[in-house]
Amino acid sequence: DAGVIQSPRHEVTEMGQEVTLRCKPISGHNSLFWYRQTMMRGLELLIYFNNNVPIDDSGMPEDRFSAKMPNASFSTLKIQPSEPRDSAVYFCASRDLGTGGMNTEAFFGQGTRLTVV
Amino acid sequence: KNQVEQSPQSLIILEGKNCTLQCNYTVSPFSNLRWYKQDTGRGPVSLTIMTFSENTKSNGRYTATLDADTKQSSLHITASQLSDSASYICVVIPYNDYKLSFGAGTTVTVRA
């Protein structure tokens, strides 16, 4: 398996524009997580999906952020409209919380570095 | 207050030397503790995993220790190499919970 795949790797956009980040989890993993990483706050959980269903979106900062998982192999994180303070690295991670329980490793993608100017 | 505190925030060591990173946590009860390595521009990758009943776990030149009584863990890097330059993140997985508690990380710079 190629691991968790994210696209794009880098995104530079103007304030007010819509941004869509994409993630393909590891095949067979039933749980997907979106994280945001900044120097000030480290890694923060934005939203967690289990079996394609959003379970916990309490970390989504504002209504400008939305996430979808239409099927087991694809998820998107959308920011509309984007603001400079959204600049960060966004990671997608997947885990198999079914067979291994809560001890299973989280596999991270390479991240998308978002810069909003 | 973050439930996982790491120290130091950053350190610089010479190639071939050893170093030890610290992690203090308050997450309780917890299922297991992991150390992740994050190279610049990459996602974190798991180095070691320890359950609450384990005291030490090695992965090559990396050795992690855990004291569940004092809620402390350490990551020891032996004979450091330039490729060890990275951020090392302590991650605590609460018992029966999907949420991971992340430390802020320690940035290690190995110089020739």
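The structure this text deals with has already been given above.
Anyway, here's the lowdown on the structure attached to this text. (Residues numbered from 1 in each chain as written. Chains lettered and ligands numbered in written order. Predicted model: local features only at pLDDT ≥ 70, side-chain atom pairs only at ≥ 80, totals over all residues. Heavy atoms only, no water.)

**Things to note about the overall build of chain A**
The criterion, for reference: The secondary structure listing takes helices from DSSP runs of H or I that are at least 4 residues long and strands from runs of E that are at least 2 residues long, numbered from the N terminus. Each radius of gyration is computed over the set of C-alpha atoms, and the globule rule expresses the reference value as 2.2 Å times the number of residues to the power 0.38. Here the term buried applies to any residue with accessible area under 20% of the maximum for its type, exposed to any over 50%, and partly exposed to those in between, with areas from a 1.4 Å probe on protein chains only. Between two residues, a contact is recorded if the distance between any of their heavy atoms is within 4.5 Å. For the area figures, the Shrake-Rupley method with a 1.4 Å probe applies, and any residue is considered shielded solely by the protein chains shown. Residues counted as positive are Lys and Arg, residues counted as negative are Asp and Glu, and His and the chain ends are not counted. Think of each charge as sitting on NZ of Lys, CZ of Arg, CG of Asp or CD of Glu.
Looking only at helices and strands, chain A has zero helices and eleven strands in total. Moving toward the C terminus, one meets the helices and strands of chain A in the order β-β-β-β-β-β-β-β-β-β-β. Over its C-alpha atoms chain A spans a radius of gyration of 14 Å, differing by no more than 12% from the 13 Å that the globule rule assigns to 117 residues. Taken along the three principal axes of its C-alpha coordinates, chain A extends 45 × 30 × 25 Å. Looking at chain A as a whole, 49% of its 117 residues are labelled buried. Looking at chain A alone, contacts between residues at least 24 apart form 55% of all its contacts between residues at least 6 apart. As displayed, chain A has an accessible area near 5700 Å², and 50% of this comes from carbon and sulfur atoms. Charge separation in chain A, taken as the distance between the mean sites of 11 positive and 13 negative side-chain charges, equals 3 Å.

**Concerning the state of the cysteines**
All names here are of chain A. To keep things clear, this is the line we draw: The disulfide criterion used throughout: a pair of cysteine sulfur atoms within 2.5 Å.
The final tally for this structure, using the stated rule, is two disulfides over all chains. One disulfide in the model links Cys23 with Cys92; its S-S distance is 1.9 Å. In this structure the cystine formed by Cys23 and Cys92 twists about its S-S bond by roughly -65°; its chirality is therefore left-handed. With Cys23 in strand β3 (residues 19-24) and Cys92 in strand β9 (residues 88-95), the pair connects residues that are 69 residues apart, well separated along the chain.

**Let's talk about the packing of aromatic side chains**
Rules: Working definition: a ring pair exists when centres of Phe, Tyr or Trp rings (six-membered ring for Trp) sit within 6.5 Å. Plane angles under 30 degrees give stacked, over 60 give edge-to-face, the rest tilted. In this scheme, Lys NZ or Arg CZ marks a charge over a ring once it lies within 6 Å of the ring centre and within 35 degrees of the ring normal.
Within the structure shown, the criterion is met by ten aromatic pairs over all chains. Geometrically, the ring pair formed by Phe33 of chain A and Tyr35 of chain A is stacked, given 6.1 Å between the ring centres and 20° between the ring planes. Relative to Tyr88 of chain B, the ring of Tyr62 of chain B has its centre 6.0 Å away and its plane inclined at 45°; by these criteria the two rings are tilted. Of this pair, Tyr62 of chain B sits in strand β7 (residues 62-67) while Tyr88 of chain B sits in strand β9 (residues 86-94), placing them 26 residues apart in sequence. Judged by its relative accessible area of 9%, Tyr62 of chain B falls in the buried class. Assessed through its relative accessible area of 0%, Tyr88 of chain B is described here as buried. What links up through ring pairs into an aromatic cluster is the set Phe33, Tyr35, Tyr48, Phe91 and Phe108 of chain A together with Tyr36, Tyr98 and Phe102 of chain B. Positioned above the aromatic ring of Tyr62 of chain B, the side-chain terminus of Arg61 of chain B is 5.7 Å from the ring centre.

**Side note on the side chain of Arg64 of chain A**
Residue and element names in this part refer to chain A. Here is the rule we go by: In the analysis that follows, any N or O atom pair within 3.5 Å is treated as a polar contact, provided that within protein one partner can donate a hydrogen and the other can accept it, and provided that, for residues neighboring in sequence, both atoms belong to side chains.
Structurally, Arg64 can be placed in the loop between β6 (53-56) and β7 (65-71). Among the polar contacts listed, one links the side chain of Arg64 to the side chain of Asp86, at a separation of 2.7 Å. Once residues within four sequence positions are removed from consideration, Arg64 is found in contact with Lys78, Ile79, Gln80, Pro81, Ser82, Glu83, Arg85 and Asp86.

**With respect to the interface of chain B and chain A**
When the parts come together, some accessible area is lost, and that loss is often what is quoted as the size of the interface. Counted only if it meets this: By convention, the term buried area covers the 1.4 Å-probe accessible surface removed from two parts as they join, with the contributions of both added. Each reported salt bridge corresponds to a side-chain nitrogen of Lys or Arg within 4 Å of a carboxyl oxygen of Asp or Glu.
Taken together, the contact pairs 19 residues of chain B with 20 residues of chain A. In this assembly, chain B packs against chain A so that about 1600 Å² is buried in total across both faces, 53% of it on carbon and sulfur atoms. Of all residues in chain B, Pro44, Tyr98 and Phe102 of chain B bury the most surface against chain A, accounting for 35% of the area lost on that side. On inspection of chain B and its partner chain A, the count reaches two salt bridges. Notably, a salt bridge pairs Asp56 of chain A with Lys99 of chain B, separated by 3.1 Å at the nearest N-O pair. Counting every contact that joins chain B to chain A gives seven residue pairs in polar contact (both at pLDDT 80 or more).

**A word on the nonpolar core**
Let me state the cut-off plainly: Here, nonpolar core refers to any group of buried Ala, Val, Leu, Ile, Met, Phe, Trp, Tyr and Cys residues whose side-chain atoms link them within 4.5 Å.
The biggest cluster of nonpolar side chains holds 24 residues, and the ones touching the most others in it are Leu21, Leu33, Trp35, Leu75 and Tyr88 of chain B. Going through the elements one at a time, β2 (10-14), β3 (19-25), β4 (30-38), β5 (45-51), β7, β8 (72-77), β9 and β11 (106-111) of chain B are the ones with two or more residues in this core. Other than its neighbours up to four places away in sequence, Leu33 of chain B contacts Tyr25, Thr48, Ile49, Met50, Leu66, Ser73, Cys90, Val91 and Val92 of chain B. By size, the runner-up hydrophobic cluster in this structure holds 21 residues, among which are Leu46, Ala67, Met69 and Ala88 of chain A.

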